[in-house]
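Fold and geometry: a report
Residue-level listing of the chains:
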Amino acid sequence: MTTAAPSKRLAYMEKVTSDGTTDPFPWYGLALEYRNLERYDESLQTFTTLRTNHPSYVPMYLMCGQMLEKAGRTEDAREWLAAGVLAATKGGDGHARGELEAALATLD
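All of the points below concern the structure found in this document. Bear in mind that the values here come from a model prediction, so they are computed numbers and not experimental data. (Residues numbered from 1 in each chain as written. Predicted model: local features only at pLDDT ≥ 70, side-chain atom pairs only at ≥ 80, totals over all residues. Heavy atoms only, no water.)

1. Looking at the overall build of the protein chain
Secondary structure summary: the protein chain contains six helices and zero strands in total. For the protein chain, the sequential pattern of α-helices and β-strands runs α-α-α-α-α-α. Expected size for 108 residues packed as a compact globule is a radius of gyration near 13 Å; at 14 Å, the protein chain falls within 12% of this value. In terms of its C-alpha atoms, the protein chain occupies a principal-axis envelope of roughly 40 × 30 × 20 Å. Across the 108 residues of the protein chain, 41% fall into the buried class. In the protein chain, 45% of the contacts between residues at least 6 apart in sequence involve partners at least 24 apart. For the protein chain, the accessible surface area stands at approximately 6300 Å², while carbon and sulfur atoms represent 55% of it. Treating the 11 positive side-chain charges of the protein chain as one cloud and the 15 negative ones as another, the clouds have centres 3 Å apart. (Helix = DSSP H or I, 4+ residues; strand = E, 2+ residues; numbered from the N terminus. Rg over C-alpha atoms; globule rule 2.2 N^0.38 Å. Buried < 20%, exposed > 50% of the residue type's maximum accessible area, 1.4 Å probe, protein only. Contact = heavy atoms within 4.5 Å. Areas by Shrake-Rupley, 256 points an atom, 1.4 Å probe, with all protein chains shown as cover. Lys, Arg positive; Asp, Glu negative; His and termini not counted. Charge placed at Lys NZ, Arg CZ, Asp CG, Glu CD.)

Written out as structure tokens, the structure is:
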């Protein structure tokens, strides 16, 4: 696999988000792209923007929490995962809540 595909995806996601979209999915995609490239600070910044604008977008909490754990930022991971449990509970998403609780339990 070449690096062109991730580079094109990244450029596309950066363009879509910089154009001012309010759709949470491109922001989520950009955060994941940064995460996959191990650009953790940029990923966290993008997840944080997404969380500010769309706090009920539950998938971000697990992905960000796992990334922060991988980066050795356990307390930050714990905060994101716990916030995700609350968001999933509020949104009635039992499946996501279970995944977030399981990820949280691995930090203890």
